Amino acid sequence: MSGKMINKPLLLTYFYLLLYVLLSSGVILYNKWVLSPKYFNFPLPITLTMIHMGFSGLVAFFLVRVFKVVSPVKMTFEIYATCVIPISAFFASSLWFGNTAYLHISVAFIQMLKALMPVATFIMAVLCGTDKPRCDVFSNMVLVSVGVVVSSYGEIHFNVVGTLYQVTGIFAEALRLVLTQVLLQKKGLSLNPITSLYYIAPCSFVFLSVPWLLLEKPAMEVSQIQFNFWIFFSNALCALALNFSIFLVIGRTGAVTIRVAGVLKDWILIALSTVIFPESIITRLNIIGYAIALCGVVMYNYIKVKDVRASASQLPIETIPDRISKDWKLEKKSSDIFVPNNGGGLSSDMNVDEETPLTQSSRLSHIGRSQVGNHAA
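Thresholds applied
Residues numbered from 1 in each chain as written. Predicted model: local features only at pLDDT ≥ 70, side-chain atom pairs only at ≥ 80, totals over all residues. Heavy atoms only, no water. Helix = DSSP H or I, 4+ residues; strand = E, 2+ residues; numbered from the N terminus. Buried < 20%, exposed > 50% of the residue type's maximum accessible area, 1.4 Å probe, protein only. Areas by Shrake-Rupley, 256 points an atom, 1.4 Å probe, with all protein chains shown as cover. Phe/Tyr/Trp six-rings, centres within 6.5 Å; stacked < 30°, edge-to-face > 60°. Axes fitted to C-alpha atoms, helices over the stretch in contact; angles between N-to-C directions. Parallel < 35°, antiparallel > 145°, perpendicular 65-115°, else oblique. Left-handed = near helix turned anticlockwise from the far one by under 90°. Contact = heavy atoms within 4.5 Å. Patch = residues over 30% accessible without salt bridge, like charges linked within 9 Å, V, L, I, M, F, W, Y side chains within 5 Å. Salt bridge = Lys/Arg side-chain N within 4 Å of Asp/Glu carboxyl O.

How should I be thinking about the overall build of the protein chain in this particular structure?
Counting secondary structure elements, the protein chain contains 13 helices and zero strands. Traced from its N-terminal end to its C-terminal end, the protein chain shows the element sequence α-α-α-α-α-α-α-α-α-α-α-α-α. Here the protein chain, with 377 residues, has 55% of them falling under the buried criterion. Roughly 16200 Å² of accessible area belongs to the protein chain as shown, and the carbon and sulfur atoms make up 72% of that amount.

This is the structure we're talking about:
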């Protein structure tokens, strides 16, 4: 009986991790299927992202204002204008560029390019003054970059436009993560996945409406684009579910565990994408390059975890749990969300992330922790 009592929480934790991996991979593959001209053929990434943002913002509004599941934070106009708006702008950009990349390059290659996330985060953190240049970190960044270059060289269907979209989306997400630390942390503002969606999703929707009016609305008027309500509803629902699954995972695991789960998810996603989308071909050079990049990512994560433990050991004993809890919440909430990566929450899993909007906060945050500690979608 006691054995069952001990194993039940552990099994629940594994279930949440499995749910996160499945939903994160599912959102990415679903987005690719919807956007790809070879499949559902809805080549309007901004429109799809706006659907995610609008749906997530609406659900968050009902949870906060109608059902009062969580309470809104004390949000002044000054905080909204100086913090929420710029973060939402870069979040919207990361989702826009990340989802547009689906039109040009494969899911597998996108995942390989995402290994650049810690490089982008480190560069932005140094430029914004939240991190300092270090030889050990710099050497890891070089290793990651070399791996991505090798992987790109081995890509059979290499597309410059798609690669530029994805890399631009990665740097936009990295800047969002750093801004989340610089702006929200200074204000002492802590947002959970629901309140993040409540404040950021509507603002991101407004930002996305500008390029939508200029780029996609005219195309929708002159061409016959199929719109299936259940396809888009289920797609947005999966993105939202991803954000909440990240919330569940955060509450039961630590930074190391979820980072390992993120790496495992990337390998699974690369393998699945080649099965679901036969045109996606992985070469030996792709794998070698990605393996090199992952070595740099793992070493980078090890250094960051060691830094966190070292700083925690210098605090009074009674404050350590609170500090670790606070740092972890900040890391995960900023995208996963938070990465956005992508869906439509805040997860980085939207493409985005894959990774999706909030927690999109998400997955990207797992690997880049300058701030960072976040996906979209």
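Can you help me understand the packing of aromatic side chains in this one?
The description of an aromatic ring pair uses the distance of the two centres, along with the angle that the planes make with each other. Under the counting rule described, the total for this entry stands at 18 aromatic pairs. Between F40 and F232 the ring centres are 5.9 Å apart and the planes differ by 75°, which places this aromatic pair in the edge-to-face class. Of this pair, F40 sits in the loop between α1 (2-35) and α2 (45-66) while F232 sits in helix α9 (residues 229-250), placing them 192 residues apart in sequence. Residues W230 and F233 carry aromatic rings whose centres are separated by 6.0 Å and whose planes lie at 90° to one another, so their mutual orientation is edge-to-face. Linking W230 with F233, this pair stays in helix α9, spanning three residues, or about one helical turn.

What exactly am I supposed to notice about the packing of helix α6 (residues 135-153) against helix α11 (residues 284-313) here?
In a packed pair of helices, the relevant descriptors are the angle between the two axes and the axis-to-axis distance. The N-to-C vectors of α6 and α11 enclose an angle of 160°; their axes lie 7 Å apart at closest approach. Considered as vectors, α6 and α11 are oriented roughly antiparallel to each other. Handedness of the α6/α11 crossing: left-handed. The residues of α11 that touch α6, namely those facing D136, V137, N140, M141, L143, V144, G147, V148, V150, S151 and Y153, are L285, N286, G289, Y290, I292, A293, C295, G296, V297, M299, Y300 and I303.

Explain a nonpolar patch on the surface to me, please; I cannot follow it from the model alone.
Together, L58, F61, F62, V66, F67 and V69 line one region of the surface with nonpolar side chains, adding up to about 580 Å² of accessible area. The residue F61 is located in helix α2 in this model.

Explain the packing of helix α5 (residues 117-127) against α6 to me, please; I cannot follow it from the model alone.
Following both chains from N to C, one finds α5 and α6 inclined at 140°, their axes separated by 9 Å at the closest point. With respect to their mutual orientation, α5 and α6 come out oblique. Along this stretch, α5 crosses α6, giving a crossing that reads as left-handed. Residue-level contacts link P118, V119 and F122 of α5 to V137, M141, V144 and S145 of α6.

Keep in mind that these numbers describe shape and distance, not what the molecule does.
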